[in-house]
Amino acid sequence: MPRPLRVAIVGAGPAGIYAADALLKSDTAAEPGVSIDIFERMPAPFGLIRYGVAPDHPRIKGIITALHQVLDKPQVRLFGNIDYGTDVHLDDLRAFYDAVIFSTGAMADRELRIPGVELKGSLGAADFASWYDGHPDVPRTWDLSAEKVAVLGVGNVALDIARILAKTADELLPTEIPANVHDGLKANRAKEIHVFGRRGPAQAKFSPMELRELDHSPNIEVIVNPEDIDYDEGSIAERRKNKQTDMVAKTLENWAIRDVGDRPHKLFLHFFESPVEILGENGEVVGLRTERTELDGTGNVKGTGVTTDWDVQAVYRAVGYLSDELPKLPWDTVSGTVPDEGGRVMEGTEPMPSTYVTGWIRRGPVGLIGHTKGDANETVANLLEDFAAGRLLTPASPETDAVVAFLEEKGLTYTTWDGWYKLDAAEKALGEPQGRERVKIVEREDMLRASGAID
């Protein structure tokens, strides 16, 4: 009787779990069957949903319910607290699996190359998100002493950063934020938040619903300058072909023509302002210089040479995420991705045997969480094609208990899917006395203990 196809997935975020789901739904899952092990460097699964999505977005975090159903399948195992490149290596995985899929995502900040970016008070959006989401590997405190703050970027991450800065700590208390984050936000002095986009309203990358949610807080006054509402032929064409773009533009137009209210925190959305320098004194941020831009007819912009200096004491760079380079895999330093064709990892012009990628490590940090499903389906389809054609490497030890013996022989502490249920219950128990759904456990050792991985 043929044995099941053994697949390792590195990364337990949405991309990796969607890949597992695609494998489980394939014909191969019926005969000869599939056996999937997911390796995750964090003690808990769910990747960016747990450590990148703002805590006041329970709707997006609801995706975890669907991911749960995949990890509940008996063909899937989770090995958490296992770091690829440190605890396990590519050759190790090839000894136990027919194929390896990398879905490690992107958690670092993409570089912004303007003068002053090194100043104290020039901050990465990904770093801030890791702090307020209780990532175990970042500091427990965050300097929120700035009263006027700039956020660079016009995507959903920029909105998250601006919204968290503009809300009060008590508004965020009903969410799952840890105690250290609530304490930090209580000390937040920000009263003005300025979000800057280089292009116009039709080029903003906000989701319509996330944009509208800015206006739901009783403490946030969203302000748009009427002079920033401008469209050229390229912008009009984009609005006509893309419903979401049109909805975003209409929302911004409505905000631009209304009277400014009296909510205590002001959140300004600026367009046609390109950051050119972060201004500093004595090594600290004291302002931001932008150059006014104008549309060129195609939806792109050109500089006008007119600059403005903005009085801010902190600048958050929300210009994109960047993936970490993976050992033993080829790497595109420009895009920050693993070169691939259809999810097959490419070494030059040839596919790397039995090695695949999906999600942001494959295509870069673009699109919404749901867009990774298409990636996963394509990658898995090509993996199964290679399997059917006999192109996969044959592992030396494909038995399901062989990798467990390997991890234990190395003395590695790992969490399991059963351990997640224990951690989940512990976090909910912490929240119950306060009437909250959960309070996130932050320290790695505490997570391991709650998961039953250590005493």
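Report on the accompanying structure.

1. Digging into helix α15 (residues 402-409)
Here's step 1: Of the positions making up α15, those classed as buried are Ala 402, Val 403, Val 404, Phe 406 and Leu 407.
Here's step 2: In the core, the buried residues of α15 are packed alongside β1 (5-10), β2 (34-40), β3 (76-80) and α5 (90-96).
Here's step 3: Where α15 terminates, the next one or two residues include Gly 411, which has phi positive at roughly 70°.

2. Some remarks on the environment of Pro 115
Here's step 1: Considering the arrangement of structural elements, one finds Pro 115 in the loop between β5 (108-109) and β6 (122-124).
Here's step 2: Sequence-wise, Pro 115 and Gly 336 are 221 residues apart; in three dimensions their C-alpha atoms are separated by 22 Å.

3. Let's talk about the sheet that holds strand β9 (residues 220-224)
Here's step 1: With respect to topology, six strands assemble into an open sheet ordered β6-β14-β7-β8-β10-β9, the strand pairing being parallel. One side of each edge strand has no neighbouring strand; the edge strands of this open sheet are β6 and β9. Across the sheet, the mean angle from the axis of one strand to that of its neighbour is 20°, orientation sign disregarded.
Here's step 2: Bridging between strand β7 (residues 148-152) and strand β14 (residues 314-317) involves four bridges; their strand directions are parallel. Bridging from a neighbouring strand, Val 149 pairs with Ala 314 of β14.
Here's step 3: Sitting on the sheet, helix α6 (residues 125-132) is in contact with β6 and β14, with an inclination near 65° to β6.
Here's step 4: Sheet contacts for helix α12 (residues 243-257): β9 and β10 (265-270); angle to β9, the most-contacted strand, approximately 95°.

4. Things to note about the side chain of Asn 81
Here's step 1: Tracing the backbone through its elements, the reader meets Asn 81 in the loop between β3 and α5.
Here's step 2: There is a polar contact of 2.5 Å between the side chain of Asn 81 and the side chain of Arg 444.

5. Notes on unusual backbone geometry
Here's step 1: The step from Glu 31 to Pro 32 runs through a cis peptide bond, and the omega angle for that step is 5°.
Here's step 2: Residue position: Pro 32 is located in the loop between α1 (14-24) and β2.
Here's step 3: One non-glycine residue with positive phi stands out, namely Phe 272, at about 60°.
Here's step 4: Residue placement: Phe 272 occurs in the loop between β10 and β11 (273-281).

Rules behind the numbers
- Residues numbered from 1 in each chain as written.
- Predicted model: local features only at pLDDT ≥ 70, side-chain atom pairs only at ≥ 80, totals over all residues.
- Heavy atoms only, no water.
- Buried < 20%, exposed > 50% of the residue type's maximum accessible area, 1.4 Å probe, protein only.
- Helix = DSSP H or I, 4+ residues; strand = E, 2+ residues; numbered from the N terminus.
- Contact = heavy atoms within 4.5 Å.
- Pairing = 2+ DSSP bridges.
- Axes fitted to C-alpha atoms, helices over the stretch in contact; angles between N-to-C directions.
- Polar contact = N/O pair within 3.5 Å; in protein donor to acceptor, adjacent residues only side chain to side chain.

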